[in-house]
Amino acid sequence: MLMQIQVEEDRIGLSPEILRRAFLDNLFYIQGKPLALATKNDFYIALAYTVRDRMLHCWNSTASTYTARGSRTVCYLSAEFLMGPHLGNNLINLGIYDQMKQAIEGLDLDFEELIAQEEEPGLGNGGLGRLAACYLDSLATLEIPSMGYGIRYEFGIFDQEIRDGWQVEITDKWLRYGNPWELPRPEWAVEIKFGGYTEPFTDDQGRYRVRWIPAWSVKGVPYDTPILGYQVNTANTLRLWKAEAPESFDFEAFNQGNYYRAVQEKVASENLTKVLYPNDEKFEGKQLRLQQQFFFVSCSLQDMFHILERQQLPLEAFPQKFTVQLNDTHPAIAVAELMRLLVDKYLVEWDKAWDITQQTLAYTNHTLLPEALEKWALDLFAGLLPRHLEIIYEINARFLDRVRLKFVGDAERTARMSLIDEQGARYIRMAHLACVGSHAINGVAALHSELLKQTVLKDFYEFFPEKFSNKTNGVTPRRWIALSNPSMTKLITSKIGSGWIKHLDQLRQLESFVGDIEFQRQWRESKRSNKQSLAALVKNRLDITIDPDSLFDVQSKRIHEYKRQHLNALHIVTLYDSIKQNPTLEITPRTFIFGGKAAPGYYMAKLMIKLITAIAEVVNGDPDVRDRIKVVFIPDYNVTNSQPVYPAADLSEQISTAGLEASGTGNMKFAMNGALTIGTLDGANVEIREEVGAENFFLFGLITEEVAALKEQGYNPWDYYHSNDALKAAIDLIASGHFSHGDRDLFKPLVDKLLHHDPFLLLADYASYIECQTKVDQAYRDTQHWTRMSILNAARMGKFSSDRSIRDYCKEIWKVQPIEVL
Ligand code: TH1
């Protein structure tokens, strides 16, 4: 007999009184503590469960609805999901932030402090992982049946400490106090095989087949997290896989009495999902990384087959049931694994299997940087995935035959397009595999998508132009405005209602208030209070006093030479030098704020951090400066620590060398929160400028074509150094040891690289940058005009909602439609 579950008020009620009762109940029954004995973490966990209870109903209704409707599901495969803390976001999406605050404060507890208690799941490096998180929020909000698939790293991106001005990495133990947001689903575990060899055989129907005899295996256990949409009943799933020892190995060892071997196997297996590789845009070619990639891809594809089976659908229905997006090439092995499952396991004919594979997969490219492009050494690959190598050879043979037919006699082109790089040591080119195995290929901003077609994927564009499109990135206004910037949210809503949170284009309605003096005053007041809050955080954490009336000039993102934090540093040194030359110089007081992590093995990026902190030490302590400039490096820049930063910024630094930042997404978060951008024509900056208007954007620097031309003709940074006095003075001051207690060696590698190589063209862009910064300085003095520009920036950012991005993907790539959950 089927029993109807009685849903009690305590589990669904949304009034402060019921929320408070539910919270105390969870504290008692889950944490086992009465109010008097509970720790801050107990309170946080009880609070999280109180919220989760309310989400579970949506989650179950969503699952039932999708099963009943048999709709197509978007599967977003990503090695990274940089979710950030769940609690605040779930409260916003449930629409109970204020009620819960009241409930908790009624118990004399500090609500914000409990929210701050959550250790964020930092399962990503930067933009790519955070984009995946924004996309999950939009998919749920738009009521699209979808699933995020990735890896449950036990240690996410390292925590950063700054000691003596240098970055120090600390292990991220985010699971230390438990994770109330996930549910393990051990009953849906799958087996993943590695290594060994293959052998051909003829099966009993006389078919030629290949058998893979793997050498070892691990078990993949799914951990599910509900992803709730904003003010809808849809709760989709983020399914992250954890590696464990396979049952069979334990069993065997146990029979032999080899208990220790069994334990060892377990430890070795669990290493697979231990740690996130902390490189942003740098391919390392490590075996464990390939294991991770194959592990989560195979787990996810097998999971899809199980769903297909449970719904009693035939194999041919795979592309109707699933559309799989590859977030960069990290999951590109899916091409070979889907083929293997279809051909070897489910005995589908090659051509049919290939159709299914191509119809199912789509690939997003996120970078043109050569050092990021994944290519696996062939012997490493063969050792781990011998059967997949054979399948890739077969795909390649068939593909290159088609290339030869289309471009007769063009052997060079064939070699360039091959899935195997054979110029010297042999490698598998994962981007090529992704292109050949997908029906759609996209870049992440208009400029980037054009450059893709003209450079790294040129041959592929010429071969199948119809596969290519652009999908400009976006970010979710729920986390990045409603949650992070309550004061601005309140102000906007008081003018135009709250529809903009779901339909960001509605912010355009703010344009009619841009000349309203009272609205301008309120806008400034909101910005000022956000700056005040950030100043308090900085005082608290770093004991540095910053002036909320100074211009907050912010560059926060991963530290990378192409992002040019050191160009920003050169500007600071130039300003500092001119103050030293002319102590009464009148400049707009500025606070330079930096934040970002360097990859642990990226020496030059770490030296850039040291340079910034060294400049901060001297500038902040020099009495001649008289607080006209201050420099702050905010340690441990992550989702949590970024949330107070965007709302407090006046100026957003987006100063990468043109052509190198595929899109950028921080640029969008700043502008949405009313910061003006100083930037190059790079990535999504181009489109942001188009939207907000050229007159509301500080543009400088060479454009992509000029960068290419300059490099072509032989760029010599030395010439720029000698022909610009201010530039020479700034570089000389760094080289002289002025910021390093007289040590002339410390920054030598950085200075020498700029003077003799300068691959990112800092010296070429310096003059234009400084001139533009002077305009910023002037513009900020006209408070009214600045406010106007700030309002217009926020008002015109509708395009950069991830809701728009997801709608584009749904319409043009995934061909899926919303399904309402009642
Ligand atoms: C970033 C891009 O650098 C950035 O411009 C873009 O906005 C973001 O992706 C989202 O599209 C990338 N992050 C990574 C990380 C790895 C490899 C390649 C890229 S590209 C590990």
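Given the structure is predicted, the values throughout are model-derived calculations rather than measurements.

Caption draft 1: Examining the overall build of the chain more closely. The helix and strand inventory of the chain stands at 34 helices and 23 strands. At 28 Å, the chain has a C-alpha radius of gyration in line with the 28 Å of a compact globule built from 822 residues. A principal-axis box enclosing the C-alpha atoms of the chain has dimensions of 90 × 75 × 55 Å. Taken over 822 residues, the chain has a buried fraction of 61%. Taking contacts inside the chain between residues at least 6 apart in sequence as the whole, the part at least 24 apart equals 76%. Summing over all exposed atoms, the chain offers an accessible surface of approximately 32,100 Å²; the carbon and sulfur share of this is 52%. In the chain, the 89 positive side-chain charges and the 107 negative ones have mean positions that sit 2 Å from each other.

Caption draft 2: Quick look at the domain arrangement of the chain. Here the chain is partitioned into domain 1 (7-69 + 96-116), domain 2 (70-85 + 120-471) and domain 3 (477-799). For domain 1 and domain 3, the distance between their C-alpha centres works out to 39 Å.

Caption draft 3: Inspection of the UniProt feature "modified residue: N6-(pyridoxal phosphate)lysine" (unreviewed entry) in the chain at higher detail. Following the UniProt record, the feature "modified residue: N6-(pyridoxal phosphate)lysine" (unreviewed entry) maps to Lys 669 here. Inspection of the secondary structure assignment puts Lys 669 in helix 26 (residues 666-672). Using a relative accessible area of 5% as the deciding quantity, one classes Lys 669 as buried.

Caption draft 4: Seen up close, the nonpolar core. Residues Phe 295, Ile 395 and Trp 814 are the most contacted members of the largest nonpolar core, which totals 112 residues. Examining the composition of this core, we find that eleven residues originate from one element, helix 10 (residues 287-310), more than from any other. By size, the runner-up hydrophobic cluster in this structure holds 83 residues, among which are Met 55, Tyr 637, Ala 649 and Phe 800.

Caption draft 5: Representation of the site of the ligand. Looking at the ligand, there are 17 residues lining it, with Glu 281, His 366, Asn 473, Glu 661 and Gly 664 nearest. Contact between the ligand and Glu 281: an oxygen atom at 2.3 Å from a side-chain N or O atom of the residue. Backbone polar atom of Ala 662 to an oxygen atom of the ligand: 3.3 Å apart, as the coordinates give it. Its free accessible area being 480 Å², the ligand has 96% of it covered by the protein chains. Looking at the shell around the ligand residue by residue, the classes come out as five nonpolar, eight polar and four charged. Of the residues that make up the shell around the ligand, three or more belong to each of domain 2 (70-85 + 120-471) and domain 3 (477-799).

Caption draft 6: Spotlight on the side chain of Arg 804. Note on placement: Arg 804 falls in helix 34 (residues 802-814). Judged by its relative accessible area of 16%, Arg 804 falls in the buried class. Separated by 3.2 Å, the side chain of Arg 804 and the backbone oxygen of Asn 473 make a polar contact. Setting aside anything within four residues of it in sequence, one finds Arg 804 in contact with Thr 472, Asn 473 and Lys 799.

Caption draft 7: Quick peek at the sheet that holds strand 23 (residues 698-699). Pairing in this open sheet of six strands is parallel, and the strands run 20-19-18-21-22-23 from one edge to the other. Either end of the sheet is taken by a strand with one partner, and the two such strands are strand 20 (629-634) and strand 23. Sheet topology note: the strand 21 (residues 651-654)/strand 22 (residues 676-679) ladder contains four bridges and is parallel. Bridge assignment links Glu 653 to a residue of strand 22, and that residue is Ile 678.

Caption draft 8: Unusual backbone geometry, seen in detail. With a phi close to 60°, Arg 564 is a non-glycine residue in the positive phi region. By the element assignment, Arg 564 lies in the loop between strand 18 (551-556) and helix 23 (565-581). With relative accessibility at 0%, the residue Arg 564 sits in the buried group. Although it is not a glycine, His 741 sits at a positive phi angle of roughly 50°. Tracing the backbone through its elements, the reader meets His 741 in the loop between helix 30 (725-735) and helix 31 (748-756). A relative accessible area of 72% places His 741 in the exposed class.

Caption draft 9: How the structure looks around the layout of surface pockets. The computed volume of the second largest pocket comes to approximately 600 Å³. Elements that contribute at least two residues to the lining of the second largest pocket include exactly helix 3 (40-69), strand 1 (73-77), strand 2 (146-151), strand 10 (235-244) and helix 10. Residue contributions to the lining of the second largest pocket peak at six residues, all from helix 3. Residue composition of the lining of the second largest pocket, grouped by class: eleven nonpolar, nine polar and five charged. Counting residues domain by domain, the lining of the second largest pocket receives three or more from each of domain 1 (7-69 + 96-116) and domain 2 (70-85 + 120-471).

Caption draft 10: How the structure looks around the sheet that holds strand 14 (residues 420-421). Taken together, three strands build an open sheet; the order of strands is 13-15-14 and the sheet is antiparallel. Each edge of the open sheet carries a strand with a single partner, namely strand 13 (375-377) and strand 14. One ladder, built from two bridges, connects strand 14 with strand 15 (residues 427-429); its direction is antiparallel. Paired with Asp 421 across the bridge in strand 15 is Tyr 427. Sheet strands touched by helix 17 (residues 430-437): strand 13 and strand 15. Its angle to strand 15, the strand with the most contacts, is close to 40°.

Caption draft 11: Geometry of the pairing of strand 3 (residues 159-163). Relative to strand 4 (residues 166-170), strand 3 runs antiparallel, the two sharing five bridges. Counterpart to Glu 161 in the pairing with strand 4 is Val 168. The loop that links strand 3 with its antiparallel partner strand 4 comprises two residues; one of these, Asp 164, has a positive phi angle of about 55°.

Caption draft 12: Broad picture of the pattern of salt bridges. Considering all chains together, one arrives at 60 salt bridges under this definition. Two residues, Arg 176 and Glu 119, come together in a salt bridge whose shortest N-O distance is 2.9 Å. Here the residue Arg 176 occupies a position in the loop between strand 4 and strand 5 (183-184), and Glu 119 occupies one in the loop between helix 6 (111-116) and helix 7 (127-141), the gap between them amounting to 57 residues. According to the relative accessible area criterion, Arg 176 is partly exposed, its value standing at 47%. Given the relative accessible area of 25%, Glu 119 is considered partly exposed. In this structure, the salt-bridge partner of Lys 728 is Asp 732, at a minimum N-O distance of 2.9 Å. On the criterion of helical spacing, the pair formed by Lys 728 and Asp 732 is a turn pair, its members being four residues apart in helix 30.

Caption draft 13: Highlighting the pairing of strand 8 (residues 208-213). Alignment of strand 7 (residues 197-202) against strand 8, held across six bridges, turns out to be antiparallel. Bridge assignment links Thr 198 to a residue of strand 8, and that residue is Trp 212. Hairpin remark: strand 7 followed by strand 8, antiparallel, with five residues in the connecting loop; positive phi at Gly 206, about 80°.

Caption draft 14: Broad picture of the environment of Ile 634. Within the element layout of this structure, Ile 634 appears in strand 20. Sequence spacing of Ile 634 and Gln 160 is 474 residues, and the spatial spacing of their C-alpha atoms is 9.9 Å. If we ignore the near neighbours within four places in the chain, the residues touching Ile 634 are Gln 160, Leu 534, Arg 541, Leu 542, Ile 593, Phe 594, Gly 595, Gly 596 and Val 645.

Caption draft 15: Seen up close, the packing of helix 23 against helix 32 (residues 762-781). Viewed as axis vectors pointing N to C, helix 23 and helix 32 meet at an angle of 55°, and their least axial separation amounts to 10 Å. Between helix 23 and helix 32, the angle is such that the two are oblique. Viewed along their axes, helix 23 and helix 32 form a crossing whose handedness is right-handed. Of the residues in helix 32, those touching helix 23 at His 566, Leu 567, Asn 568, Leu 570, His 571 and Thr 574 are Leu 762, Tyr 766, Tyr 769, Ile 770 and Gln 773. Across the contact of helix 23 with helix 32, the residue classes break down as six nonpolar, five polar and no charged.

Criteria and cut-off values
Residues numbered from 1 in each chain as written. Predicted model: local features only at pLDDT ≥ 70, side-chain atom pairs only at ≥ 80, totals over all residues. Heavy atoms only, no water. Helix = DSSP H or I, 4+ residues; strand = E, 2+ residues; numbered from the N terminus. Rg over C-alpha atoms; globule rule 2.2 N^0.38 Å. Buried < 20%, exposed > 50% of the residue type's maximum accessible area, 1.4 Å probe, protein only. Contact = heavy atoms within 4.5 Å. Areas by Shrake-Rupley, 256 points an atom, 1.4 Å probe, with all protein chains shown as cover. Lys, Arg positive; Asp, Glu negative; His and termini not counted. Charge placed at Lys NZ, Arg CZ, Asp CG, Glu CD. Domains from an automatic or database assignment. UniProt positions renumbered as here; feature names shortened; annotations may be inferred. Core = buried A, V, L, I, M, F, W, Y, C linked by side-chain atoms within 4.5 Å. Near = heavy atom within 4 Å. Polar contact = N/O pair within 3.5 Å; in protein donor to acceptor, adjacent residues only side chain to side chain. Nonpolar A, V, L, I, M, F, W, Y, C, P; charged D, E, K, R; others polar. Pairing = 2+ DSSP bridges. 1 Å grid on protein atoms, 1.4 Å probe; cavity = no way out; pocket = protein on both sides within 12 Å on 5 of 7 lines; lining within 4 Å. Points joined across faces, edges and corners; volume = space filled by probe spheres on them. Axes fitted to C-alpha atoms, helices over the stretch in contact; angles between N-to-C directions. Salt bridge = Lys/Arg side-chain N within 4 Å of Asp/Glu carboxyl O. Parallel < 35°, antiparallel > 145°, perpendicular 65-115°, else oblique. Left-handed = near helix turned anticlockwise from the far one by under 90°.

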